[in-house]
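# Summary of the model geometry
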Amino acid sequence: ILMWRPPPKQWKGEGTTAHLYEILLGRCYTYTQIVRPELGHKDCQKIGKAFTKAFLSKDPCSSTEQDYQPLMELTDEPVPCDKTLFWSKSSELAHDYTRVRQDMFTLEDTLLGYMADGLKWCGDPGSSEMNYHSCPDWREDCSNNSFSVFWNTVSKRFAEDACGVVHVVLNGSIRNTFDERSTFGRVEVFNLRPEKVNRLQAWVMHDLGSVHSDSCSSSSVNDLKQILKRRSITFSCQNNYRPIRLLQCV
Ligand code: 2NF
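Keep in mind it's a predicted model, so treat the numbers as computed, not measured.

Secondary-structure assignment places His 206 in the loop between strand E5 (197–205) and helix H8 (219–230). The exposure class assigned to His 206 is buried, which follows from its relative accessible area of 3%. At a separation of 2.9 Å, a polar atom in the side chain of His 206 contacts the side chain of Ser 215. In contact with His 206, not counting residues within four places along its chain, are Gly 172, Ser 173, Ser 213, Ser 215, Asn 239, Asn 240, Arg 245 and Gln 248.

With that settled, consider the pattern of salt bridges. Throughout the structure, instances matching the rule amount to ten salt bridges. Across the pair Lys 83 and Asp 103 runs a salt bridge, and its minimum N-O distance is 2.9 Å. Pair noted here: Lys 83 is in the loop between helix H3 (69–74) and strand E2 (85–88) and Asp 103 is in the loop between helix H4 (91–100) and helix H5 (111–116), with a separation of 20 residues, a long-range link. Close ionic contact of Arg 193 with Glu 160 constitutes a salt bridge, the shortest N to O distance being 3.8 Å. Highlighted residues: Arg 193 in the loop between helix H7 (183–191) and E5 and Glu 160 in helix H6 (residues 146–161), separated in sequence by 33 residues.

Bringing H4 into the picture now. Helical geometry note: an α-helix holds 3.6 residues per turn, so side chains three or four residues apart project in the same direction. Every buried residue of H4 is accounted for by Leu 93, Ala 94, His 95, Tyr 97 and Thr 98. Where H4 is buried, its residues meet E2, strand E4 (164–171), E5 and helix H9 (242–247).

A word on the site of the ligand. Inspection of the region around the ligand gives 17 residues, with Ser 88, Lys 89, Glu 108, Ser 148 and Thr 183 positioned closest. Here an oxygen atom of the ligand sits 2.8 Å away from a polar atom, N or O, in the side chain of Lys 89. Between the ligand and Glu 188 there is a distance of 2.9 Å, counted from an oxygen atom to a side-chain nitrogen or oxygen. Contact with the protein chains covers 81% of the free accessible surface of the ligand, which is 750 Å². Contributing elements (two or more residues each) for the shell around the ligand: E2, H6 and H7. Looking at side-chain class alone, the shell around the ligand contains seven nonpolar, five polar and five charged residues.

Where H7 contacts H8, the two axes come as close as 10 Å, and the packing angle between them is 25 degrees. For the element pair H7 / H8, the angle class is roughly parallel. Pair H7 / H8 crosses with right-handed handedness. Packed against H7, whose contacting residues are Phe 184, Val 189 and Phe 190, the element H8 presents Leu 224, Ile 227 and Leu 228 at the interface. Looking at the contact of H7 with H8, its residues break down into six nonpolar, no polar and no charged.

So, how was this worked out
Residues numbered from 1 in each chain as written. Predicted model: local features only at pLDDT ≥ 70, side-chain atom pairs only at ≥ 80, totals over all residues. Heavy atoms only, no water. Helix = DSSP H or I, 4+ residues; strand = E, 2+ residues; numbered from the N terminus. Buried < 20%, exposed > 50% of the residue type's maximum accessible area, 1.4 Å probe, protein only. Polar contact = N/O pair within 3.5 Å; in protein donor to acceptor, adjacent residues only side chain to side chain. Contact = heavy atoms within 4.5 Å. Salt bridge = Lys/Arg side-chain N within 4 Å of Asp/Glu carboxyl O. Near = heavy atom within 4 Å. Areas by Shrake-Rupley, 256 points an atom, 1.4 Å probe, with all protein chains shown as cover. Nonpolar A, V, L, I, M, F, W, Y, C, P; charged D, E, K, R; others polar. Axes fitted to C-alpha atoms, helices over the stretch in contact; angles between N-to-C directions. Parallel < 35°, antiparallel > 145°, perpendicular 65-115°, else oblique. Left-handed = near helix turned anticlockwise from the far one by under 90°.

Given below as C-alpha coordinates:
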(Lines give C-alpha, C1' and ligand atoms only; values in the text may rest on other atoms or scores of the structure.)
Protein backbone atom coordinates (compact mmCIF):
# COMPACT_ATOMS: atom_id res chain seq x y z
CA ILE A 1 0.00 0.00 0.00
CA LEU A 2 1.36 3.39 -0.97
CA MET A 3 1.26 6.01 1.75
CA TRP A 4 -0.42 9.25 0.78
CA ARG A 5 1.97 12.18 0.78
CA PRO A 6 1.04 15.83 0.78
CA PRO A 7 1.79 17.46 -2.58
CA PRO A 8 5.08 19.36 -2.64
CA LYS A 9 4.80 22.98 -1.58
CA GLN A 10 4.36 25.37 -4.44
CA TRP A 11 7.08 28.01 -4.62
CA LYS A 12 7.29 30.98 -6.94
CA GLY A 13 10.49 29.89 -8.69
CA GLU A 14 11.26 27.27 -11.31
CA GLY A 15 11.62 23.70 -10.04
CA THR A 16 14.71 21.49 -10.06
CA THR A 17 16.26 20.98 -13.50
CA ALA A 18 15.15 17.63 -14.92
CA HIS A 19 17.88 14.96 -14.59
CA LEU A 20 19.86 17.22 -12.24
CA TYR A 21 21.91 14.40 -10.72
CA GLU A 22 22.93 12.95 -14.09
CA ILE A 23 23.85 16.42 -15.40
CA LEU A 24 25.99 17.12 -12.32
CA LEU A 25 27.78 13.79 -12.70
CA GLY A 26 28.28 14.24 -16.44
CA ARG A 27 29.66 17.74 -16.00
CA CYS A 28 31.96 16.57 -13.20
CA TYR A 29 33.46 13.87 -15.46
CA THR A 30 33.67 16.26 -18.42
CA TYR A 31 35.48 18.86 -16.34
CA THR A 32 37.91 16.52 -14.58
CA GLN A 33 38.67 14.27 -17.58
CA ILE A 34 38.48 16.65 -20.52
CA VAL A 35 38.45 20.34 -19.56
CA ARG A 36 41.12 20.24 -16.84
CA PRO A 37 42.70 16.76 -16.60
CA GLU A 38 45.78 18.30 -14.93
CA LEU A 39 43.67 18.86 -11.81
CA GLY A 40 44.24 15.25 -10.83
CA HIS A 41 41.76 12.74 -9.48
CA LYS A 42 38.39 13.90 -8.17
CA ASP A 43 35.76 11.42 -7.06
CA CYS A 44 32.76 12.51 -9.12
CA GLN A 45 30.44 9.91 -7.55
CA LYS A 46 31.26 11.26 -4.11
CA ILE A 47 30.97 14.87 -5.30
CA GLY A 48 27.57 14.24 -6.89
CA LYS A 49 26.29 12.61 -3.69
CA ALA A 50 27.63 15.41 -1.48
CA PHE A 51 25.94 17.95 -3.75
CA THR A 52 22.48 16.42 -3.49
CA LYS A 53 22.92 15.52 0.19
CA ALA A 54 23.37 19.24 0.90
CA PHE A 55 19.73 19.98 0.09
CA LEU A 56 17.66 16.78 -0.10
CA SER A 57 15.07 16.18 2.67
CA LYS A 58 15.67 19.70 3.99
CA ASP A 59 13.63 22.87 4.19
CA PRO A 60 14.69 24.74 1.01
CA CYS A 61 14.29 28.06 2.84
CA SER A 62 16.69 27.27 5.69
CA SER A 63 19.75 26.29 3.75
CA THR A 64 23.12 27.07 5.36
CA GLU A 65 26.77 27.27 4.37
CA GLN A 66 27.36 24.23 6.61
CA ASP A 67 25.06 22.16 4.41
CA TYR A 68 27.53 22.65 1.56
CA GLN A 69 30.74 22.16 3.58
CA PRO A 70 31.25 18.46 2.68
CA LEU A 71 30.83 19.36 -0.99
CA MET A 72 33.25 22.27 -0.66
CA GLU A 73 35.88 20.02 0.90
CA LEU A 74 35.73 17.58 -2.02
CA THR A 75 36.13 20.27 -4.65
CA ASP A 76 38.88 22.63 -3.55
CA GLU A 77 40.77 23.85 -6.56
CA PRO A 78 43.51 26.44 -6.67
CA VAL A 79 43.30 29.34 -9.12
CA PRO A 80 46.76 30.81 -9.84
CA CYS A 81 47.47 34.33 -8.55
CA ASP A 82 46.54 37.12 -11.00
CA LYS A 83 44.12 34.83 -12.86
CA THR A 84 40.79 35.33 -11.08
CA LEU A 85 38.01 37.03 -13.04
CA PHE A 86 34.83 38.15 -11.29
CA TRP A 87 31.83 39.47 -13.19
CA SER A 88 28.54 41.17 -12.42
CA LYS A 89 25.75 41.72 -14.96
CA SER A 90 28.22 40.66 -17.64
CA SER A 91 28.11 36.87 -17.58
CA GLU A 92 28.31 36.28 -21.32
CA LEU A 93 31.13 38.69 -22.00
CA ALA A 94 33.23 37.49 -19.07
CA HIS A 95 32.87 33.88 -20.19
CA ASP A 96 33.63 34.77 -23.82
CA TYR A 97 36.82 36.34 -22.52
CA THR A 98 37.98 33.32 -20.50
CA ARG A 99 37.29 31.11 -23.52
CA VAL A 100 40.00 33.12 -25.32
CA ARG A 101 42.19 33.66 -22.28
CA GLN A 102 42.38 30.04 -21.17
CA ASP A 103 44.71 30.95 -18.30
CA MET A 104 42.05 33.10 -16.61
CA PHE A 105 39.21 31.73 -14.47
CA THR A 106 35.69 32.82 -13.70
CA LEU A 107 33.89 30.82 -11.02
CA GLU A 108 32.19 28.89 -13.83
CA ASP A 109 35.64 27.84 -15.10
CA THR A 110 36.24 26.00 -11.81
CA LEU A 111 34.75 22.58 -11.09
CA LEU A 112 31.83 23.52 -8.84
CA GLY A 113 30.83 26.57 -10.86
CA TYR A 114 31.09 24.52 -14.06
CA MET A 115 28.88 21.79 -12.62
CA ALA A 116 26.15 24.07 -11.28
CA ASP A 117 25.98 26.91 -13.81
CA GLY A 118 22.49 27.39 -15.20
CA LEU A 119 20.88 24.63 -13.11
CA LYS A 120 18.17 24.88 -10.44
CA TRP A 121 17.60 22.64 -7.44
CA CYS A 122 15.75 22.24 -4.17
CA GLY A 123 14.41 19.52 -1.92
CA ASP A 124 11.55 19.17 0.48
CA PRO A 125 11.66 18.30 4.19
CA GLY A 126 8.87 15.73 3.80
CA SER A 127 10.49 13.81 0.99
CA SER A 128 13.82 12.36 -0.12
CA GLU A 129 13.11 13.47 -3.69
CA MET A 130 14.03 16.66 -5.48
CA ASN A 131 11.22 19.13 -6.04
CA TYR A 132 10.81 19.28 -9.80
CA HIS A 133 7.64 21.37 -9.55
CA SER A 134 8.92 24.56 -7.98
CA CYS A 135 11.74 26.00 -5.88
CA PRO A 136 11.85 29.13 -3.72
CA ASP A 137 12.43 32.34 -5.61
CA TRP A 138 15.14 34.36 -3.82
CA ARG A 139 13.22 37.63 -4.04
CA GLU A 140 9.65 36.39 -3.55
CA ASP A 141 9.99 33.37 -1.24
CA CYS A 142 13.21 33.43 0.78
CA SER A 143 16.82 34.53 0.40
CA ASN A 144 18.32 31.57 2.30
CA ASN A 145 17.20 29.06 -0.29
CA SER A 146 19.36 26.08 -1.22
CA PHE A 147 20.27 27.55 -4.59
CA SER A 148 21.22 31.08 -3.43
CA VAL A 149 23.13 29.75 -0.42
CA PHE A 150 25.14 27.52 -2.74
CA TRP A 151 26.18 30.46 -4.94
CA ASN A 152 26.94 32.63 -1.93
CA THR A 153 29.09 29.86 -0.46
CA VAL A 154 31.07 29.08 -3.61
CA SER A 155 31.43 32.77 -4.50
CA LYS A 156 32.78 33.45 -1.01
CA ARG A 157 35.40 30.72 -1.31
CA PHE A 158 36.34 31.85 -4.83
CA ALA A 159 37.01 35.36 -3.47
CA GLU A 160 38.85 34.15 -0.34
CA ASP A 161 41.16 32.08 -2.54
CA ALA A 162 41.97 34.92 -4.96
CA CYS A 163 45.45 36.44 -4.87
CA GLY A 164 47.63 38.96 -6.68
CA VAL A 165 45.85 41.23 -9.13
CA VAL A 166 42.19 40.21 -9.41
CA HIS A 167 39.84 41.34 -12.16
CA VAL A 168 36.18 42.10 -12.62
CA VAL A 169 34.08 42.74 -15.73
CA LEU A 170 31.31 45.24 -15.00
CA ASN A 171 28.44 46.43 -17.15
CA GLY A 172 28.75 50.13 -17.93
CA SER A 173 25.47 50.24 -19.83
CA ILE A 174 23.28 50.02 -16.74
CA ARG A 175 22.79 52.49 -13.92
CA ASN A 176 24.24 50.42 -11.10
CA THR A 177 27.43 49.30 -12.80
CA PHE A 178 28.56 48.32 -9.31
CA ASP A 179 25.54 46.82 -7.53
CA GLU A 180 25.94 46.46 -3.76
CA ARG A 181 23.17 43.85 -3.68
CA SER A 182 24.75 41.60 -6.31
CA THR A 183 26.87 38.59 -5.37
CA PHE A 184 29.95 40.51 -6.45
CA GLY A 185 28.98 43.52 -4.32
CA ARG A 186 27.66 41.62 -1.28
CA VAL A 187 29.92 38.60 -1.12
CA GLU A 188 33.00 38.69 -3.34
CA VAL A 189 34.26 42.20 -2.59
CA PHE A 190 34.04 41.60 1.17
CA ASN A 191 35.79 38.25 1.06
CA LEU A 192 38.90 39.33 -0.83
CA ARG A 193 41.92 38.98 1.47
CA PRO A 194 43.84 42.27 1.64
CA GLU A 195 46.99 40.43 2.76
CA LYS A 196 47.23 38.59 -0.55
CA VAL A 197 45.21 40.66 -3.02
CA ASN A 198 47.37 43.49 -4.37
CA ARG A 199 44.80 45.19 -6.50
CA LEU A 200 41.33 44.90 -8.03
CA GLN A 201 41.30 45.79 -11.72
CA ALA A 202 37.84 46.66 -13.03
CA TRP A 203 36.98 46.56 -16.71
CA VAL A 204 33.81 48.51 -17.32
CA MET A 205 32.28 47.52 -20.66
CA HIS A 206 29.64 49.40 -22.60
CA ASP A 207 27.25 47.85 -25.08
CA LEU A 208 28.26 48.33 -28.69
CA GLY A 209 26.62 51.35 -30.22
CA SER A 210 25.94 53.07 -26.93
CA VAL A 211 27.51 56.50 -26.72
CA HIS A 212 30.77 56.35 -24.86
CA SER A 213 30.39 57.32 -21.25
CA ASP A 214 33.06 57.31 -18.61
CA SER A 215 31.63 54.81 -16.16
CA CYS A 216 34.85 54.46 -14.19
CA SER A 217 34.09 57.86 -12.71
CA SER A 218 30.41 57.11 -12.07
CA SER A 219 29.10 57.17 -8.51
CA SER A 220 28.45 53.43 -8.27
CA VAL A 221 32.00 52.60 -9.33
CA ASN A 222 33.21 55.20 -6.87
CA ASP A 223 31.31 53.33 -4.14
CA LEU A 224 33.30 50.22 -5.05
CA LYS A 225 36.52 52.21 -4.90
CA GLN A 226 35.66 53.51 -1.41
CA ILE A 227 34.79 50.05 -0.09
CA LEU A 228 38.13 48.74 -1.32
CA LYS A 229 39.99 51.72 0.09
CA ARG A 230 38.52 50.98 3.53
CA ARG A 231 39.66 47.38 3.06
CA SER A 232 43.19 48.48 2.04
CA ILE A 233 42.91 47.06 -1.45
CA THR A 234 44.11 49.15 -4.38
CA PHE A 235 41.57 49.77 -7.11
CA SER A 236 42.08 50.55 -10.77
CA CYS A 237 39.48 50.92 -13.48
CA GLN A 238 39.48 50.95 -17.26
CA ASN A 239 36.59 51.72 -19.61
CA ASN A 240 36.10 49.40 -22.58
CA TYR A 241 39.24 47.30 -22.10
CA ARG A 242 40.43 46.54 -25.64
CA PRO A 243 40.76 42.73 -25.61
CA ILE A 244 37.19 42.41 -24.33
CA ARG A 245 35.90 45.18 -26.59
CA LEU A 246 37.03 43.15 -29.60
CA LEU A 247 34.93 40.19 -28.42
CA GLN A 248 31.81 42.35 -28.47
CA CYS A 249 32.27 42.78 -32.22
CA VAL A 250 32.07 39.09 -33.15
O1 2NF B 1 24.85 31.39 -11.81
C2 2NF B 1 26.02 31.69 -11.60
N3 2NF B 1 26.98 31.19 -12.34
C4 2NF B 1 26.35 32.63 -10.46
C5 2NF B 1 25.32 33.00 -9.60
C6 2NF B 1 25.62 33.86 -8.55
C7 2NF B 1 26.92 34.32 -8.38
C8 2NF B 1 27.63 33.11 -10.26
N9 2NF B 1 27.89 33.96 -9.22
C10 2NF B 1 29.25 34.54 -8.97
C11 2NF B 1 30.18 34.69 -10.17
F12 2NF B 1 31.38 34.12 -9.82
C13 2NF B 1 30.40 36.18 -10.38
O14 2NF B 1 31.70 36.63 -10.01
O15 2NF B 1 29.05 35.90 -8.50
C16 2NF B 1 29.36 36.84 -9.52
C17 2NF B 1 28.15 37.17 -10.32
O18 2NF B 1 27.03 37.40 -9.51
P19 2NF B 1 26.33 38.84 -9.41
O20 2NF B 1 25.14 38.67 -8.53
O21 2NF B 1 27.35 39.84 -9.04
O22 2NF B 1 25.93 39.09 -10.93
P23 2NF B 1 24.49 39.25 -11.53
O24 2NF B 1 24.69 39.38 -13.00
O25 2NF B 1 23.76 40.32 -10.80
O26 2NF B 1 23.78 37.89 -11.17
C27 2NF B 1 24.15 36.64 -11.73
C28 2NF B 1 23.04 35.65 -11.63
O29 2NF B 1 22.81 35.30 -10.28
C30 2NF B 1 21.48 35.61 -9.90
C31 2NF B 1 21.01 36.66 -10.85
O32 2NF B 1 19.61 36.67 -10.99
C33 2NF B 1 21.73 36.22 -12.12
O34 2NF B 1 21.03 35.20 -12.79
N35 2NF B 1 21.52 36.04 -8.50
C36 2NF B 1 22.17 37.10 -7.96
N37 2NF B 1 22.02 37.10 -6.62
C38 2NF B 1 21.25 36.00 -6.33
C39 2NF B 1 20.72 35.44 -5.15
N40 2NF B 1 20.95 35.98 -3.94
C41 2NF B 1 20.95 35.33 -7.53
N42 2NF B 1 20.20 34.22 -7.59
C43 2NF B 1 19.73 33.75 -6.45
N44 2NF B 1 19.97 34.32 -5.25
